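# Working through the structure, step by step
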Amino acid sequence: MVLLNADFPAYHARIRPKACALIDETGTALDYAAFDCRVGSVAAELRNYFGVREGDRVALLADNSAETFVLQFACQRIGAILAPLHLRGTTDDLRYALELVTPSVLLHDALNAKKAYEAAGATPIAPMVMAQRADPIVGGLLPADTSCLLLFTSGTTGRPKAVRFTNRMMAFNAHNMAIAANIDQDTVHPVILPLYHAAGFNLYANPVFQRGGAVEVPSNTSPDSIFDLVERATCPATHLFAVPTVYKSLADHPRFRTIDLSALQVAGVGGDTVTRAVLDAWSARGVNLRHGYGMTEAGPAILAQDAQGAIEDPEAVGYPLLNVETRIRSTCVNETVGRGELQVRGPTVMPGYWNDSAATVRAFDDGWLRTGDIAHVNEAGRYFIVGRLKEIIISGGENVHPVEIEAALTEHPDVDEVAAFGVPDEYWGQVCWAAVCVRGAITSDELMRHCEARLPRFKLPRRIIFVDGFPRNSLGKVDRSALSSTVVAQT
């Protein structure tokens, strides 16, 4: 059995016990010694008073909280598996998740107690903040291939699946991202994304813990609150990771023009395409947003942009990370040469889905994890994501990627956001429509002429529809399926 050091609080408690580790929602800070002790006490509580044993699942329904990280490492320490549940899920969704992972206990915070009790059924239920009634369990080396975390996919292709994270995955992802994002002991990282997604845990919180920096879980993630974290006099945020909609809301805020961003060393972005207007707005303030790319099944990080790449190729998603191997595999009829499905393998890739061997088999191609995304690489070795296999529009036998239409439309100064999608057509099979949010007075004919100057005829959108906003998932990514259903029904 291979052992490795994935218990980051225990490690840093030994070598730098007084360094700041975790700042909670009230602004209270725990140093690594206190963090390690708290983890050990919760681990003892789970084992001694809730009967949690190695391999058992501990479900969690809670808003972002510093205690979530305590629970993560406490479960890891006793060989249990933390399974955070999607806060936006319906009662039926939560019941399905609980039936899938069969937890020993469902923990909840005060705000989600009612929803937890409605979904729990026969599952034992308890508040997430544990008492300290036993001696802490001491941390140490952990089995590399033991599962420690279950995180649910977004469910865009059916019911969500639970991805198995092992100690090996967590340790290698943390190492990869610490290098890619220049994380060290002086890093201060506020968690902006929800702690039921891989990005919330691993971009960049767990890499920061691995390197002995400080992770903060703010009670508020409004633009003003984020600006306060970046601009404060003591312990300003040095590293952010967020989705494009967050960076857009920050760039649109009046305070953005004057805020001091000098402490911000790395601003990572992923989850969806960032418009050139948002990239340029941040660049003008001296911060080059660093694209990244990943998926829950890969830890999540696969590709990441470096500082130079963020200047030279700001729309690229970067290079493969240190312990990640990638390939581009042509899977599409009539696909452009040099483009194909991005596939990945390495120690950050999941061993499989929880209790779903059939889906696990479908997820791999001869040992390579299929991302479902179409990519190409430029001469500098930087990767670009140009669309999703399932979103490809096949019109008259030609492949059209929605991302290409979106890129053309967002070059127009009056276009704020755009989403392209396929619509069935009796003659062509499918045609492309585009929904746009605009800033000024612009007509669809003017936008069509704009596209004609940038796209070949077969890639032109057949209709351009003006909308006030887009349906989004919990990470802020446009839900194209819901958008197309709504738009088509209304036209």
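The structure this text deals with has already been given above.
It should be emphasised that the depicted structure is a prediction, and the values quoted were computed from it without experimental measurement. (Residues numbered from 1 in each chain as written. Predicted model: local features only at pLDDT ≥ 70, side-chain atom pairs only at ≥ 80, totals over all residues. Heavy atoms only, no water.)

The next subject is the pairing of strand β22 (residues 383–388). Relative to β22, strand β21 (residues 368–377) runs antiparallel, the two sharing five bridges. By the bridge assignment for β22, Ala375 is matched with Ile385. Between β21 and the antiparallel strand that follows it, β22, lie five residues; Gly381 among them carries a positive phi value of about 85 degrees. (Pairing = 2+ DSSP bridges. Helix = DSSP H or I, 4+ residues; strand = E, 2+ residues; numbered from the N terminus.)

Further remarks concern the packing of aromatic side chains. The full count for this structure, using the stated rule, is ten aromatic pairs. When the ring of Phe73 is compared with that of Phe209, the centres are 5.6 Å apart and the planes differ by 85 degrees; the resulting orientation is edge-to-face. A residue pair is termed long-range when its members are at least 10 positions apart, and Phe73 in helix α3 (residues 66–77) and Phe209 in helix α8 (residues 205–211) qualify at 136 residues. Here the two residues Phe73 and Phe209 agree in accessibility, since each one is buried. Following the ring pairs from residue to residue traces out a cluster consisting of Phe8, Tyr32, Phe35, Phe69, Phe73, Phe201 and Phe209. One residue, Lys161, lies across the ring of Tyr353, its end atom 5.4 Å from the ring centre. One residue, Arg285, lies across the ring of Phe256, its end atom 5.9 Å from the ring centre. (Phe/Tyr/Trp six-rings, centres within 6.5 Å; stacked < 30°, edge-to-face > 60°. Buried < 20%, exposed > 50% of the residue type's maximum accessible area, 1.4 Å probe, protein only. Lys NZ or Arg CZ within 6 Å of the ring centre and 35° of its normal.)

Let us now look at the packing of helix α10 (residues 244–252) against helix α11 (residues 276–284). Axis separation between α10 and α11 bottoms out at 10 Å; the angle between their running directions is 55 degrees. Looking at the two axes, α10 sits oblique to α11. Once α10 is placed against α11, the crossing between them reads as left-handed. When α10 is examined against α11, the residues Tyr247, Lys248, Leu250 and Ala251 are found in contact with a partner set consisting of Val278, Ala281 and Trp282. (Axes fitted to C-alpha atoms, helices over the stretch in contact; angles between N-to-C directions. Parallel < 35°, antiparallel > 145°, perpendicular 65-115°, else oblique. Left-handed = near helix turned anticlockwise from the far one by under 90°. Contact = heavy atoms within 4.5 Å.)

Turning to the sheet that holds strand β14 (residues 266–269), a few remarks are in order. Overall, mixed pairing links the five strands, which are arranged β13-β14-β15-β16-β17 in an open sheet. The sheet is open, and its two borders are formed by β13 (239–242) and β17 (319–320), each paired with just one other strand. Note that strand β16 (residues 301–304) and β17 share two bridges and pair antiparallel. Opposite Ala304, over in β17, you have Tyr319 as the bridge partner.

Before going further, it helps to examine the state of the cysteines. Linking two cysteines covalently through their sulfur atoms gives a disulfide. Tallied over the full model, the rule gives zero disulfides. Note on Cys235: no disulfide assigned, nearest cysteine sulfur contributed by Cys20 at a separation of 5.9 Å. There is no disulfide at Cys432, and the cysteine sulfur nearest it, in Cys451, is 8.8 Å away. Classification of Cys432 as buried rests on a relative accessible area of 5%. (Disulfide = S-S within 2.5 Å.)

Moving on: the sheet that holds strand β27 (residues 463–466). A sheet is described by the order of its strands in space; here three strands give the open sequence β25-β26-β27, paired in mixed fashion. The two strands at the open ends of the sheet, each matched to only one other strand, are β25 (415–425) and β27. Averaged over all neighbouring strand pairs, the angle between strand axes comes to 25 degrees, with direction disregarded. Relative to the sheet, helix α15 (residues 444–452) contacts β25, β26 (429–438) and β27, its axis offset from that of β27 by approximately 130 degrees.

Below, the discussion takes up the pattern of salt bridges. Under the defined criterion, the tally for this structure stands at 26 salt bridges. Residue Glu341 is joined to Arg370 by a salt bridge in which the shortest nitrogen-to-oxygen separation is 2.9 Å. In this pair, Glu341 sits in strand β19 (residues 340–345) while Arg370 sits in strand β21, placing the two residues 29 residues apart along the sequence. A salt bridge links Arg439 to Asp416; the nearest nitrogen and oxygen atoms lie 3.4 Å apart. Residue Arg439 is found in the loop between β26 and α15, and its partner Asp416 is found in strand β25; the two are separated by 23 residues along the sequence. Residue Arg439 is classed as partly exposed on the basis of its relative accessible area of 47%. With relative accessibility at 18%, the residue Asp416 sits in the buried group. Several salt bridges converge on common partners, so that one network encompasses Asp224, Asp228, Glu231 and Arg255. (Salt bridge = Lys/Arg side-chain N within 4 Å of Asp/Glu carboxyl O.)

The analysis is restricted to geometry; functional conclusions fall outside its scope.
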